[in-house]
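# Commentary on secondary and tertiary structure
So you can see what is in the structure, the chains are spelled out below.
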Amino acid sequence: MDIALAHVSKRYLHKTVLDDLSVSFRGGMIHALLGENGAGKSTTAAILSGALQYDSGEILIGGNAVHFENQRDAVKAGIVCVRQRPLLADSISVMENILLGTEYSSAGRKLTRRNVLHEAEKYRQKWAPQLDFRARVVHIGGDERFYASLIAALICGPGVLILDEPSALLDWEQRRALYANIRELAEGGMNIIVITHIMQEAELYTDTVTVLRKGKAAEQYEHSRAFTAEMCAEACISSSAGAVRTSAGEYADGECGKTGCASCREKCTVTFTDITVRPKKRPALFGVSFRAECGALTLIKGLRESGLGTLENVVTGMESARTEGLAAIETSSSRCELTLKSKKLTPHFLRYKTGLHTAIIPSDRTFRASHPNLSIGQLLCAMHDGMVNRDYTDRLIRKADVAIQGDEKASDLSGGMLQRLILARELDTAPLYIIACEPLQGLDAQSACSTAKLLASFASKGCAVLVLSSSDFPEELCGSVYTLEGGKITGGNA
Amino acid sequence: MKHTIRATGAVSVTAGLLFTVILLVASSRTFAAAGDFLAGSFTSLYYFGAILNTASLFMAAGLGDAVLLTTGEFNLGGEGQIYAGGFITAVVLSATSTFPPVVSLICALAAAMAVPACMTLVSGLLRQFKNANILLTTFLVSAAVIPFIDSLIAGPFRGSYGNLLATSFIREAVRFPHILAPSPLSAAACTLPLLCTAGWYFIYRTKQGKQLQITGISNEFAEYCGYPRTKILYGTLAASGALHGITGFIAVTGTYYTCHSGFYTGMGWDALSCALIAGSNPAALIPSSLILSWIFTSADRVALNYNSGFDISSLIQGIMLSCIAIQYAGGEKHDRHHS
């Protein structure tokens, strides 16, 4: 099934997201849609899948203009999108969520429960054997949320499948398996559009590449081999007016005694010893010990199924399961030691009690570091003293260089814009200790590079920076590198 | 969201009014009952005062509901808490009858706030340690307390007059006077719009209020932000219980001058309707309480004057709550689609 957008524009109150965009995708191929954060990729996906109405232009399927009032219309026309941040009902099981989203197939016929169950099991075995259909969504990880949404999408039998940042929450092994399965679908005639920031992925796994820039199709490559990472990087760099700032000083506004002045700052070292936790339905950790030193960037790399998500919960104070082990926070003036069993290591403790103004950047930006129903003002001022403050909000928006207003909703943000705002909010407190989990997730190549340098810059100013990453974080910036595998940690030297 | 809330309130009230007018016209086959329903209460000093008095009680109890609604929880035990507040007021005023009136009133107010607050703290403990649903536990605690108080009123605390199932009347010195005789509007009722204004200021103009609002939007985000969630849980539950207790205190000291069996009936649900229509905004509680009080008082008046054979108030309330529920569900669905 061929699909195209012809002269499509989408404007919001304060910004134009798509500006006369024309782009086409042929059936039986995998198409990559690339672009910097805020380039309009997710908006394009939302318009194609009927989730968003456009202001002008048209959608063409097989050369015929169509109009979707809602997502159901798009599904009936054979277009299904798996969103970057799949919204599932937390309190019910994976299977119940799948049943909720699959009332109709792309042919417009109503699917019976029996059909859905049969199809779901078939796709589970092929795409995600580890996915437990009976598990409540609140207990599953981001990758499993993605697979649940993907299976629900596949059950509808789409002619066009749009995957918005499919590999953002997957490790390399899962990505390889995902693209192998996607290739099979494409060979069967399906038109697959993959939105991604990862240029290697586009180059390796897709047939065509379209680069969006400020809502317009900047470059289209009929053959992905013609597209090289260098070419895209060049295109992005030349277009990028303001990427993430790379200097800690720019975030701290030069307030003496905070980030700007290393000599009058506290120094801190955070040590975790013998972390052991066996949460239900999530990977366990066994005797994990590591140290995040001041003035250095400490990287813990691993996969989510190796326990990286569990470790994130422990170090950020969000782990609900009984945890053994010891956490010690040393500053130049004090030393605090607490057992993890006591459950005293909480975000409240890390942020307000230790005097470290800890910055916490979790891997779940959508529902932990933010929430779609929050206003941008609430999102940015949540930890600021007093009420939602317009001046403070505007200052952080300018600092993050995101085109949004304080009274808009967080749901209006693209993944990359949200990440920039979260970084701006967390780093504005002049932290002495930074916990960054998957900090490069959802960022384009240049922003990812800038963010890594920014974290290194904070480390060089005397902060203890702990990075948990399942993707390629530049190790040359790190003072210590640990590897988490099977719930156990090794390493410690750069 | 604010637009949704305003629309929800307007649609619910309009639906309730339309339903009542149609019902009255259909049942009496004349427009007299419907006309009396809409305007009759304003022609009588008694009914006008009754509207204001009932509205003030809705404001206090509605504020209790609104505080908890802001954090995303429901207090369905309002009636039991109002009853407990009223009962303990009558008991303390009786027990301190030898004390100076001001001391007696302060003791009664403190007790009226403390007992219902303790009732809600049971729900807090069950939530903290057993992850129990607050909506359910507040209702169950209330359901257990109501017959217990009924038995106390019928037994050891029963006053010694006639067949009235009530405690002794409180002494004259601790009664808030009726300021619009012959209506039951008491002087204490005048303070409640101020309480709503203070509630609005707290929720929309303080750091703690911001924390409550954000907790109501996302518990996980609130925890991540390092908000003191245990304090927020117990604080809002206690405030909710205490405000319902204040409602009972004002009902006894300002309206009935005794705690009679079942004086709370319907008050908790009516107040919850006010809070839902106001979108849990304490300032909007003032008009929503006045409107609902007018509707319910007028419905009772019409039922009395035109000898209606059905409980119009309950029917109106059912219609309005249904509208709120439908629109709330619609709003949630809309939000999900746009997220």
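These figures come from a predicted structure and were not determined experimentally.

Turning our eyes to something else, we now look at the overall build of chain A. Along its length, chain A carries 15 helices and 20 strands. In chain A, which comprises 494 residues, the share counted as buried stands at 52%. A separation of at least 24 residues holds for 71% of the contacts in chain A among residues at least 6 apart in sequence.

Residue and element names in this part refer to chain A. Taken together, the 5 bridges between strand β1 (residues 3–11) and strand β4 (residues 56–61) define a ladder with antiparallel strand orientation. Looking across to β4, one finds that alanine 6 is bridged to glutamate 58. Between β4 and strand β5 (residues 64–66), which follow one another and run antiparallel, lie 2 residues, and glycine 62 among them has a positive phi close to 55 degrees.

Now for the sheet that holds β5 of chain A. Working definition: the strands of a sheet are paired by backbone hydrogen bonds and lie parallel or antiparallel to each other. Residues and elements named next belong to chain A. Taken in spatial order, the 4 strands line up as β2-β1-β4-β5 in an open sheet, and their pairing is antiparallel. Because the sheet does not close on itself, it has two edges, and the strands there are β2 (16–25) and β5. Taken over all neighbouring pairs, the strand axes of this sheet differ in orientation by 30 degrees on average, direction set aside. The sheet strands contacting helix α1 (residues 41–48) are β1, β2 and β4, and the helix crosses β1 at an angle near 115 degrees.

The next thing to look at is the packing of helix α3 (residues 45–70) of chain B against helix α7 (residues 192–205) of chain B. All names here are of chain B. Viewed as axis vectors pointing N to C, α3 and α7 meet at an angle of 15 degrees, and their least axial separation amounts to 9 Å. Judged by the angle between their axes, α3 and α7 are roughly parallel. With respect to the hand of their crossing, α3 and α7 are arranged in left-handed fashion. Of the residues in α7, those in contact with Ser56, Met59, Ala60, Leu63, Ala66, Val67 and Thr70 of α3 are Leu192, Pro193, Leu195, Cys196, Gly199 and Ile203.

With 86 residues, the main nonpolar core has Met59, Ala60, Phe87, Ala275 and Leu285 of chain B as its most contacted residues. With residues up to four places along the chain from it excluded, the contact list for leucine 285 of chain B reads Met59, Gly62, Leu63, Ala66, Cys196, Cys274, Ala275 and Ala278 of chain B. Ranked by size, the runner-up nonpolar core spans 82 residues in total, among them Ala400, Ile404, Leu443 and Val467 of chain A.

What follows covers the sheet that holds strand β15 (residues 335–339) of chain A. Residue and element names in this part refer to chain A. Pairing is antiparallel across the open sheet formed by 4 strands, whose spatial order is β12-β11-β14-β15. Bordering the open sheet on either side are β12 (285–292) and β15, each of which pairs with just one other strand. Along the sheet, successive strands turn relative to each other by an average axial angle of 5 degrees, direction set aside. In the sheet, strand β14 (residues 323–331) pairs with β15 via 5 bridges, with the strands oriented antiparallel. Bridge assignment links glutamate 330 to a residue of β15, and that residue is arginine 335. Packed onto the sheet, helix α10 (residues 308–315) meets β11 (268–277), β12 and β14 and runs at close to 125 degrees relative to β11.

Residue and element names in this part refer to chain B. Averaged over all residues, the pLDDT of chain B equals 87, while 91% of them reach at least 70. Across chain B, element-level confidence peaks in helix α4 (residues 78–95) with a mean pLDDT of 96 and bottoms out in helix α13 (residues 312–338) with 64. In this model residues 333–339 is a low-confidence stretch, pLDDT under 50, and it forms 6 contacts with partners more than four residues away in sequence or in other chains. In the model output, the complex is listed with pTM 0.78 alongside ipTM 0.78.

What follows concerns the interface of chain B and chain A. The extent of an interface is frequently quoted as the accessible surface area lost upon association of the parts. Contacts between the two partners involve 17 residues from chain B and, on the opposite side, 24 residues from chain A. Those elements giving two or more residues to the side of chain B that touches chain A turn out to be α8 (207–217), α9 (219–224) and α13 of chain B. Grouping the amino acids of the side of chain B that touches chain A by side-chain chemistry returns 6 nonpolar, 4 polar and 7 charged.

This part takes up unusual backbone geometry. Omega for the bond connecting alanine 181 of chain B with proline 182 of chain B falls within 30 degrees of zero, at 10 degrees, which places this linkage in the cis form. In this model, glutamate 165 of chain A sits at a positive phi of 50 degrees, which is unusual for a non-glycine residue. Mapped onto the elements, glutamate 165 of chain A comes out in the loop between β7 (160–164) and α6 (172–187). You can call glutamate 165 of chain A buried: it has 25 C-beta atoms within 10 Å. The phi dihedral of glutamate 438 of chain A falls on the positive side, at around 50 degrees, and the residue is not glycine. Note on placement: glutamate 438 of chain A falls in the loop between β17 (433–437) and α15 (445–460). With 25 C-beta atoms counted inside 10 Å, the residue glutamate 438 of chain A sits in the buried group.

Procedures and definitions
- Residues numbered from 1 in each chain as written.
- Chains lettered and ligands numbered in written order.
- Predicted model: local features only at pLDDT ≥ 70, side-chain atom pairs only at ≥ 80, totals over all residues.
- Helix = DSSP H or I, 4+ residues; strand = E, 2+ residues; numbered from the N terminus.
- Buried ≥ 20, exposed ≤ 12 C-beta atoms within 10 Å, placed from the backbone.
- Contact = placed C-beta atoms within 7 Å.
- Pairing = 2+ DSSP bridges.
- Axes fitted to C-alpha atoms, helices over the stretch in contact; angles between N-to-C directions.
- Parallel < 35°, antiparallel > 145°, perpendicular 65-115°, else oblique.
- Left-handed = near helix turned anticlockwise from the far one by under 90°.
- Core = buried A, V, L, I, M, F, W, Y, C linked by C-beta atoms within 7 Å.
- pLDDT = per-residue confidence, 0-100.
- Nonpolar A, V, L, I, M, F, W, Y, C, P; charged D, E, K, R; others polar.

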